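Coordinates in review
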Amino acid sequence: MDKTTIKTNQKFKELKKLVLKKARIKKGTAADNIKLGKMGSWAMLFGNCNWYIPELDVTVRGTCGEFCKGCFNPENPKCSACYVAKSYVKYTKRNEDGTVGDILNNKCSVKLGHAYRTIAMTMFRKDLLLSLDSQLTNMKNKLGVIRINESGEFTCYEDLAMWCELAKRHSETIFYVYTKNYKAVRKALINAIVPANLYINISIWHEYGIEEYLEMKDHPQIRAFCLVDKDWTTEKYYSKGIEITSMCGAYDSAGKMNHAVTCDKCKKCFSSCNKCVGCFEH
Ligand code: SF4
Ligand code: SF4
């Protein structure tokens, strides 16, 4: 082995050790994501920007850009509908887990927690499963509910398969996710790996996702979460076969947040009732 290879291997080992230590399920404090309330969550880098992380001297790619139809605008990330992108623009001060700043010119370093989780999931998935398993096993106050991918997306079937395995090992906890990676979900259903404590919300954005939801909706763990706006009303969705049985109370029709409603109390997105929920915001 030459010197460069040894140095690269060493760097890789160090990165793996650090990332696995830091890639943690966030314990919900209402201050972080008011809508979630008190629950656990896992957030990764959004879109498909190449994020340079100076603290780690690595470049990491966002996980959802390939699957977003509408919420992420690769031409101009600042003008994305994505709430994470909006918050990166809005909050420019350094947080305890990293900095936020100029996304468009990638001058900022990103929230480090998001970067650790993305690197762990995309580079060290097998070790990550062991790490998450032990995080949950050793947690004194169990989380009750964990939202997977508060930002970001399953990059491939194996990501989803990892969460299915973790959920299977922790049947005391409910897991839920919104996803546009319909292909990964279809494969998970065919392989019958989705446990009863993991709810998968097919994210429907106008015409995108309708066909896939209708194809998979009879599975008990499958639900739908639909963006409702002036063009795509509940009536229009109904005409396409989507029966929205309830609206998310966390937003009003102008897209303004109603802080009185939080996911931990509402529970619609991780239960078997109201299988198809509409929302005025994404
Ligand atoms: S809204 Fe979600 S899927 Fe869309 S860009 Fe943001 S994090 Fe990705
Ligand atoms: S419907 Fe309920 S659980 Fe789903 S996003 Fe809205 S507040 Fe959260």
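- By the naming in an unreviewed UniProt entry, the protein chain is Gene product 88 domain-containing protein, taken from Eubacterium ruminantium.

1. As for the site of ligand 1
- Near ligand 1, the surroundings consist of 13 residues, among which F46, C64, C71, F72 and C82 are the closest.
- In the shell around ligand 1, the residues fall into 7 nonpolar, 5 polar and 1 charged.

2. Focus: the sheet that holds strand β5 (residues 145–148)
- Taken together, the 8 strands give an open sheet; going across it, the order is β1-β2-β5-β6-β7-β8-β10-β9, and neighbouring strands pair in mixed fashion. In this open sheet, the two strands that pair with only one neighbour each are β1 (26–27) and β9 (246–247).
- Seen against the sheet, helix α5 (residues 157–169) touches β5, β6 (174–179) and β7 (198–205) and runs at an angle of roughly 145 degrees to β7.

3. Re the packing of α5 against helix α6 (residues 182–190)
- Contact geometry of α5 with α6 gives a least axis separation of 8 Å together with a crossing angle of 50 degrees. Between α5 and α6, the crossing angle belongs to the class labelled oblique. Between α5 and α6 lies a crossing whose hand is right-handed. For the pair formed by α5 and α6, the contact residues are Y157, L160, A161 and C164 on the first element and A184, V185, K187 and A188 on the second.
- Classifying every residue of the contact of α5 with α6 gives 7 nonpolar, no polar and 1 charged.

4. A closer look at the environment of L227
- Along the chain, L227 turns up in strand β8 (residues 222–227).
- Spatially, the C-alpha atoms of L227 and M247 are 10.0 Å apart, while their sequence positions differ by 20 residues.
- Leave out the neighbours within four places in its chain, and L227 touches I204, W205, H206, W232, C279 and H282.

Definitions and cut-offs
Residues numbered from 1 in each chain as written. Chains lettered and ligands numbered in written order. Predicted model: local features only at pLDDT ≥ 70, side-chain atom pairs only at ≥ 80, totals over all residues. Near = placed C-beta within 6 Å. Nonpolar A, V, L, I, M, F, W, Y, C, P; charged D, E, K, R; others polar. Pairing = 2+ DSSP bridges. Helix = DSSP H or I, 4+ residues; strand = E, 2+ residues; numbered from the N terminus. Contact = placed C-beta atoms within 7 Å. Axes fitted to C-alpha atoms, helices over the stretch in contact; angles between N-to-C directions. Parallel < 35°, antiparallel > 145°, perpendicular 65-115°, else oblique. Left-handed = near helix turned anticlockwise from the far one by under 90°.

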